[in-house]
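Read off the chains here:
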Amino acid sequence: MAEPITFVLIGLYFVVLIAIGSWASKKIHNTEDYILAGRSLGFWVFTILIVCSVCSGMTLLGVSGFGYSSGWPGIWEQIFVPLSASFCIIVFGVKLQAVGKERDYMTIQDYLADRFESPRVLRGLSALSGIVVSLIYLVGQYTAISIVLVWLFGIPHWMALVIAGVIITGYTVVGGLYAVSWTTLVQGGILILGVLFMAPFVVMSAGGLTHINGVLAGVDPNFVEPWFPSPAYAEYAFATPEFLVSFGILLMVGLACAPHVINNVLAAKESRYFKWSPVIAFGVYAAVMFLVKFTGFGVRALVEEGTLVLPATVNAQDFAFISGVEYAMPNVALWALFAVIVLAAVMSTTDRLMLTVGTMFAWDIYRNIFRPSAPDKEVLIVSKVAVVAAAGGTLWLAINPPPMLAWLIWMGIGVMLATFAVPLLAGLYWRGATGQGAIASMGLGLVAATVFGYWHQFVAPLPVHFSLYALAASALAMVVVSLLTAPNSQDVLDNTRTGWFIQSR
Amino acid sequence: MFFGLPLHTGLIVGGAVVLVIVVLTLWGFSFGEAS
């Protein structure tokens, strides 16, 4: 299927990534350089890093697929997900970056351990749950990469995984966050410009937005409504008002406190970036996501009119974007560019996840729990080994992906929300939140997310997203246990800028 | 009608996007760089 120009462009793209990795490796002198790029990220590198860490491998394929199958009621995803980047910067980032610089935090676990005076238990619990969730997410990313490479080159699944794995692991191991952030700037640029350029062609080839909406309304009048009526009357009509509320909290807050997203705020060079990065991150990301969604609508219209046929697979809707571009842009050179865009979207999340897993293991578990006396060089080596191990393990899992992979990824986001959101929010904004409260909140959130997630999938569907119940349990545990236990010291609360404000007065 | 959508859909979705942008812009103006 692939033309020589596709090989050339993808080859060139890989060479650029490796060159950035090689350049970045010269800047790594200690663990802080490796984990936080020496806290030196400039405005655009930081903003695009946040956006592309949220923007997962399934963004192009999944977003257009959701548009294809559910129409306009699913459009809220395109507001909630970009908003998670802004939420992360404003609600978590402003305080964490300032306190992190003063108190030398390397990870969010450093903050939790310091704020809640729990250097081992809370740090260990949050690092472990962060690693498990990130690994699940990582398997999903590698599976998405292999889908793209297999489809492009017709090579075996395992070969596609090994090629992608070796390149991403290579530049992440040698260049740490310097390599991840600068490759992400390149990948983000390709993704943003590519979608802005290509999506309008698909929409126009389907007859324009007005015509597409007319066709959608003919399929199901609710496809052009802002939500589906409650209760859901079909499998595709799950975006009811109550579901959308829970979906909004899940995406906006859950993604914002995901370890591979929130840790980025510690690497920003200056606090003044937080002034305009929220609106710019939202604007750029939402523009791209709306356009991708519109391609899903367009492809649905083309299919309904008999112009286009999607592959006869179970997840046919995930091929909406690919099929739409293939139909609208038969030019081979543009097609090759499109291949690079999809790879850029997938790879920019994968490298950040791998670095996050390596960091949490080396810094939080190895250095801060097992070997506090470990010299910096040793921690740096352990970080690199952990990145390689995370890549190897998840590649192996991705070769034979678990049958419930999609469910596991949604579980992962739900677990992030249920375990991290309450301890972080309460820690930053409520002086009464205690260490025991945080441990109870995180522990109960983890258990409740697993129980409700299992219940929703295997016993009986719940009316709202399962993670909302787990979030409520986590919040309740935080409030009750904190009220029953002694508060943290006033010094710690002052030093961590705890209180009901975002910026210090 | 709004690009072939019922007017209320266009207003609700468009209004939500505008609201978010306005709130985030207000945040930008209220952000104190000195802290």
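Nothing here was measured: the structure is a model prediction, and the numbers come from that model.

The rules behind each value
Residues numbered from 1 in each chain as written. Chains lettered and ligands numbered in written order. Predicted model: local features only at pLDDT ≥ 70, side-chain atom pairs only at ≥ 80, totals over all residues. Helix = DSSP H or I, 4+ residues; strand = E, 2+ residues; numbered from the N terminus. Rg over C-alpha atoms; globule rule 2.2 N^0.38 Å. Buried ≥ 20, exposed ≤ 12 C-beta atoms within 10 Å, placed from the backbone. Contact = placed C-beta atoms within 7 Å. Nonpolar A, V, L, I, M, F, W, Y, C, P; charged D, E, K, R; others polar. pLDDT = per-residue confidence, 0-100. Expected span 1.5 Å × (residues − 1). Core = buried A, V, L, I, M, F, W, Y, C linked by C-beta atoms within 7 Å. Axes fitted to C-alpha atoms, helices over the stretch in contact; angles between N-to-C directions. Parallel < 35°, antiparallel > 145°, perpendicular 65-115°, else oblique.

All right, on to the overall build of chain A then. Along chain A, the regular secondary structure elements total 19 helices and zero strands. What you see for chain A is a C-alpha radius of gyration of 22 Å, in line with the 23 Å of a compact globule of 505 residues. When the backbone C-alpha atoms are referred to their principal axes, chain A occupies close to 70 × 55 × 45 Å. A total of 505 residues make up chain A; the buried ones form 61% of that total. The contacts of chain A with a sequence gap of at least 6 include a subset with a gap of at least 24, amounting to 84%.

Looking now at the overall build of chain B. Per the secondary structure count, chain B includes one helix and zero strands. Judged by the C-alpha coordinates and their principal axes, chain B covers about 50 × 10 × 5 Å.

Right, let's get into the environment of Ala287(A). All names here are of chain A. For Ala287, the location among the structural elements is in helix α12 (residues 273-304). On the basis of neighbour count, Ala287 is assigned to the partly exposed category, with 17 C-beta atoms found within 10 Å. Sequence separation of Ala287 and Phe116 is 171 residues, and the distance between their C-alpha atoms is 39 Å.

The partner chain A presents 25 residues to the 19 residues of chain B that form the contact. Residues belonging to the side of chain B that touches chain A are distributed by class as follows: 12 nonpolar, six polar and one charged.

What follows covers unusual backbone geometry. All names here are of chain A. Across the junction of Ser230 and Pro231, the peptide omega takes the value 0 degrees, indicating a cis bond. Checked against the element boundaries, Pro231 lands in the loop between α9 (208-219) and α10 (241-256). For Arg497, which is not glycine, the phi torsion reads 55 degrees and is therefore positive.

This paragraph deals with the confidence of the model for chain A. The share of residues in chain A with pLDDT of 70 or more is 98%, and the mean pLDDT across the chain is 91. At the level of individual helices and strands, chain A shows its lowest average pLDDT in helix α7 (residues 121-153) of chain A, which scores 84, and its highest in helix α6 (residues 108-115) of chain A, which scores 97.

Take α7(A) next. Taking 1.5 Å per residue as the helical rise, α7(A) with its 33 residues ought to reach 48 Å, and the 48 Å between its terminal C-alpha atoms agrees with that figure. Counting buried residues along α7(A), 25 of its 33 residues qualify, which places the element largely inside the surrounding structure.

Its location among the elements puts Val17(B) in helix α1 (residues 7-30). Its 18 C-beta neighbours within 10 Å are what place Val17(B) among the partly exposed residues.

In this section: the nonpolar core. Residue and element names in this part refer to chain A. Counting 205 residues, the largest nonpolar core has Ile50, Cys88, Ala256, Cys257 and Ile341 as the members making the most contacts within it. The element contributing the most residues to this core is helix α14 (residues 332-370), with 22 residues. When near neighbours in sequence (up to four residues on either side) are disregarded, Ala256 contacts Ser84, Phe87, Cys88, Phe92, Val261 and Ile262.

Right, let's talk about the confidence of the model for chain B for a bit. Counting all residues, the mean pLDDT for chain B is 91, and 91% of those residues have values of 70 or more. Across the assembled chains, the prediction reports ipTM 0.95 with pTM 0.93.

The next point concerns the packing of helix α8 (residues 157-205) of chain A against helix α13 (residues 320-328) of chain A. All names here are of chain A. Contact geometry for α8 and α13: axes closest at 9 Å, N-to-C directions at 75 degrees. Compared by their axis directions, α8 and α13 come out roughly perpendicular. When α8 is examined against α13, the residues Met198, Phe201, Val202 and Ser205 are found in contact with a partner set consisting of Gly324, Val325, Tyr327 and Ala328.

Further remarks concern the environment of Ile262(A). Residue and element names in this part refer to chain A. As for its placement among the helices and strands, Ile262 is situated in helix α11 (residues 259-262). Here Ile262 falls in the buried class, since 26 other C-beta atoms lie within 10 Å of it. When the C-alpha atoms of Ile262 and Ile89 are compared, they prove to be 8.1 Å apart, with 173 residues separating the residues in sequence. Non-local contacts of Ile262, meaning those with residues more than four positions away in its chain, are made with Cys88, Phe92, Ile108, Ala256 and Cys257.

Residue and element names in this part refer to chain A. Compared with an ideal rise of 1.5 Å per residue, which puts 12 residues at 16 Å, helix α4 (residues 59-70) spans 16 Å between its outermost C-alpha atoms and is within 8% of the ideal. Of all 12 residues in α4, 11 are buried, a share of seventy percent or more. Tucked inside the fold, the buried residues of α4 contact α5 (77-103), α7, α12, α13 and α14. Immediately beyond the C-terminal end of α4, within one or two residues, lies Gly71, with a positive phi of roughly 70 degrees.

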